[in-house]
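Chain and residue survey
Residues per chain, in single letters:
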Amino acid sequence: MNSILQCVSNSEALVKYFLFDIYQFHLNQSSVYGARGKLAIAYADLLTELYIGENKDIAPWDIKRIISQKASQFMGFQ
């Protein structure tokens, strides 16, 4: 997961999409199959912390938790 997050967090177009809040116009918060926009919001928060925040140590716990709720094979890992 770390490698994937590092790769997508260095995609300029994708980073701008989330940092400039464009993604909010495309959230599907009513879907019963997905995460109801929570994963996108958590990813936007992570990017904000990476690019704007002051913390040097960042752990994507919210993203991991949301993924674990939909994909049980990721439960229990820290």
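Residues numbered from 1 in each chain as written. Predicted model: local features only at pLDDT ≥ 70, side-chain atom pairs only at ≥ 80, totals over all residues. Heavy atoms only, no water.

**Section: a nonpolar patch on the surface**
Short version of the rule: Each patch is assembled from residues with relative accessible area greater than 30% and no salt bridge, linking like charges that lie within 9 Å and nonpolar side chains (Val, Leu, Ile, Met, Phe, Trp, Tyr) that lie within 5 Å. Computed by Shrake-Rupley with a 1.4 Å probe, the accessible areas treat only the displayed protein chains as cover when residues are assessed. Should a side-chain nitrogen of Lys or Arg be within 4 Å of a carboxyl oxygen of Asp or Glu, the pair is scored as a salt bridge. Whether a residue is buried, partly exposed or exposed follows from its accessible area with a 1.4 Å probe, protein chains only, as a fraction of its type maximum: under 20%, in between, or over 50%, in that order.
Taken together, the side chains of Phe20, Ile22 and Phe25 present a nonpolar region at the surface, about 390 Å² in accessible area. Here Phe25 falls in the exposed class, since its relative accessible area comes to 73%.

**Focus: the packing of helix α3 (residues 38-51) against helix α4 (residues 61-70)**
Here is the rule we go by: Helix axes are fitted only over the stretch in contact, all axes being lines through C-alpha atoms; the angle between N-to-C directions runs from 0 to 180 degrees. To qualify as a helix, a DSSP run of H or I must reach at least 4 residues; to qualify as a strand, a run of E must reach at least 2; elements of each kind are numbered from the N terminus. Throughout this description, any angle smaller than 35 degrees is read as roughly parallel, any larger than 145 degrees as roughly antiparallel, any in the 65 to 115 degree range as roughly perpendicular, and the remainder as oblique. Each crossing gets its handedness from the near helix: less than a right angle anticlockwise from the far helix is left-handed, clockwise is right-handed. Any two residues whose heavy atoms approach within 4.5 Å at even a single point are treated as in contact.
It is the contact of α3 with α4, at a shortest axis distance of 9 Å, that shows an interaxial angle of 165°. Relative to α4, the element α3 is oriented roughly antiparallel. For the pair α3 and α4, the crossing hand works out as left-handed. Here Lys38, Leu39, Ala42, Tyr43 and Leu46 of α3 come into contact with α4, specifically with Asp62, Ile63, Ile66 and Ile67.

**Quick notes on the pattern of salt bridges**
This model, assessed by the stated rule, comprises 2 salt bridges. Of the charged contacts, one joins Glu12 and Lys16 as a salt bridge, the two residues approaching to 2.9 Å between their closest N and O atoms. Of the two residues, Glu12 and Lys16 both sit in helix α2 (residues 12-19), 4 residues apart, roughly one turn of that helix. Given the relative accessible area of 40%, Lys16 is considered partly exposed. Salt-bridge contacts for Asp62 lead to Arg65; the nearest nitrogen and oxygen are separated by 3.6 Å. Of this pair, Asp62 and Arg65 both sit in helix α4, 3 residues apart, roughly one helical turn. The exposure class of Arg65 is partly exposed, given its relative accessible area of 42%.

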